[in-house]
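One-letter residues, chain by chain:
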Amino acid sequence: MLSTGKPLRLAFLGCGHIGKALLGAVLPTVSPTSRISQITVSQHHKEAQADLQRQFRDSLHKVNFVHQQNIEAVKNSDAVLLAFPPNRIHDVLGEEGMRESLKNKIVISILARTPREKVQSTFRGAQFTNEYGSSKSQNELRIVRAMPTIGAGIHESATLIANPATESPAEREAVDFAADLFRNLGRVFRIPNDYFDAATGMSAATNALTTVAVQAIVQSAAAHGVPTEHAVGIASQCVRGTASIMLSGVGPDELEHSLSTPGSITEQAISGFKDGEISAVLDRVISVAVAKSKDHTA
């Protein structure tokens, strides 16, 4: 078992948009004495490996980019990030030798719409042998499910991490490591697995709402003579400021009350949104987003 605080070697299996953001955020902290002492990134496509080598050419002394060497990358690591397209889960985890290579490793999955149980079942009931020689079932694998959000690229992610139903010291170590890792991308929310999918759908709907709302505001403002570049900047900063107030601990109900001075512009706008039944629209959209998040068949 890994000891808490020991420098760990981290392997990325795949490295898409979120993986690149995480890699860029973590690399400056990598050193032989830091939490992460070494990084290996295994890419499926040679072109992707070459692109990463060019993008991170100033950090090649801290990271090793390899091509189709998943087993070797896992063997030379203490923690493994699953960051490949979800439809490749059987190809990657079913590769000969992968089960033995992952034995006693921390496995962090950011595979979209892929619950922890699906990752486990991919091993088809394989038995792992622990350091004491006894068998270890797939249900005891240290798999942590995490889901960063679109803000990861600018270190403003709201990363969800599923807490296990029962935390053994080994599971706690795995979740703590994952939380430390993703704090490099923004805020981390450790939540029960029971509503992980619902929270994922809510996050996606929130990103969609913000995008569509700002787009509509900008278009309307343009009709009243506000240039697009100014409207985008003003609206975006207003969204950021409002969100920061709520993140500071002010609840949305309290914020609405403070903004609703009778006869004010903001009070009139709030009333307009409510009269337009925006709550009903959002309820329908979020319900669809949550249902999509819970659909693990794709």
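Note that the structure is a prediction, hence the values are computed from the model and not measured.

The next thing to look at is the sheet that holds strand β9 (residues 157-163). What the eight strands build is an open sheet, ordered β3-β2-β1-β4-β5-β8-β9-β10; its pairing is mixed. Whereas interior strands pair on both sides, the edge strands pair on one side only; in this sheet they are β3 (63-67) and β10 (186-192). Direction aside, the axes of adjacent strands within the sheet are offset by 20° on average. Against the sheet, helix α2 (residues 46-55) touches β2 (36-43) and β3, its axis set at about 160° to β3.

Our focus in this paragraph is the UniProt feature "domain: Pyrroline-5-carboxylate reductase catalytic N-terminal" (unreviewed entry) in the chain. Under the UniProt annotation, the feature "domain: Pyrroline-5-carboxylate reductase catalytic N-terminal" (unreviewed entry) is placed at residues 9-112. Secondary structure content for residues 9-112 is 34% helix and 25% strand, and the end C-alpha separation is 24 Å.

So, about the packing of aromatic side chains. Scanning all chains against the criterion turns up one aromatic pair. A ring pair is formed by Phe56 and Phe65, whose centres lie 6.3 Å apart and whose planes are at 25°; its orientation type is stacked. Across the pair, exposure class does not vary: Phe56 and Phe65 are buried alike.

Take the side chain of Ser203 next. Turning to its location among the elements, Ser203 is positioned in helix α8 (residues 196-223). The buried category is assigned to Ser203, whose relative accessible area is 13%. Excluding residues within four positions of it along the chain, Ser203 makes contact with Thr149 and Leu160.

Membership of the largest hydrophobic core comes to 38 residues, with the highest contact counts inside it found for Phe12, Leu23, Ile39, Val41, Ile108, Ile161 and Phe182. For this core, the secondary-structure elements that each account for two or more residues are β1 (8-13), α1 (17-26), β2, β3, β4 (79-82), β5 (106-109), β8 (143-147) and α7 (169-182). The dominant element in this core, judged by the number of residues it contributes, is α7, at seven residues. When sequence neighbours within four positions are dropped, the list of residues in contact with Val41 reads Phe12, Cys15, Leu23, Leu52, Val63, Asn64, Phe65 and Val66. Counting residues in each nonpolar core, the second largest holds 18 residues, with Val80, Leu93, Leu102 and Leu141 among its members.

On to the UniProt feature "binding site: NADP(+)" (unreviewed entry) in the chain, then. When the UniProt feature table is mapped to this numbering, "binding site: NADP(+)" (unreviewed entry) covers Ala83, Phe84, Pro85 and Pro86. Here Ala83 shows up in the loop between β4 and α4 (89-93). Setting aside its immediate chain neighbours within four residues, Ala83 contacts Leu13, Gly14, Cys15, Gly16, Ile110 and Leu111. The residue Phe84 is located in the loop between β4 and α4 in this model. Phe84 gets classed as buried once you look at its relative accessible area, which sits at 6%. Ignoring sequence-local partners within four residues, the contact set of Phe84 consists of Leu13, Gly14, Ile89, Val92, Leu93 and Leu111.

The rules behind these values
Residues numbered from 1 in each chain as written. Predicted model: local features only at pLDDT ≥ 70, side-chain atom pairs only at ≥ 80, totals over all residues. Heavy atoms only, no water. Pairing = 2+ DSSP bridges. Helix = DSSP H or I, 4+ residues; strand = E, 2+ residues; numbered from the N terminus. Axes fitted to C-alpha atoms, helices over the stretch in contact; angles between N-to-C directions. Contact = heavy atoms within 4.5 Å. UniProt positions renumbered as here; feature names shortened; annotations may be inferred. Phe/Tyr/Trp six-rings, centres within 6.5 Å; stacked < 30°, edge-to-face > 60°. Buried < 20%, exposed > 50% of the residue type's maximum accessible area, 1.4 Å probe, protein only. Core = buried A, V, L, I, M, F, W, Y, C linked by side-chain atoms within 4.5 Å.

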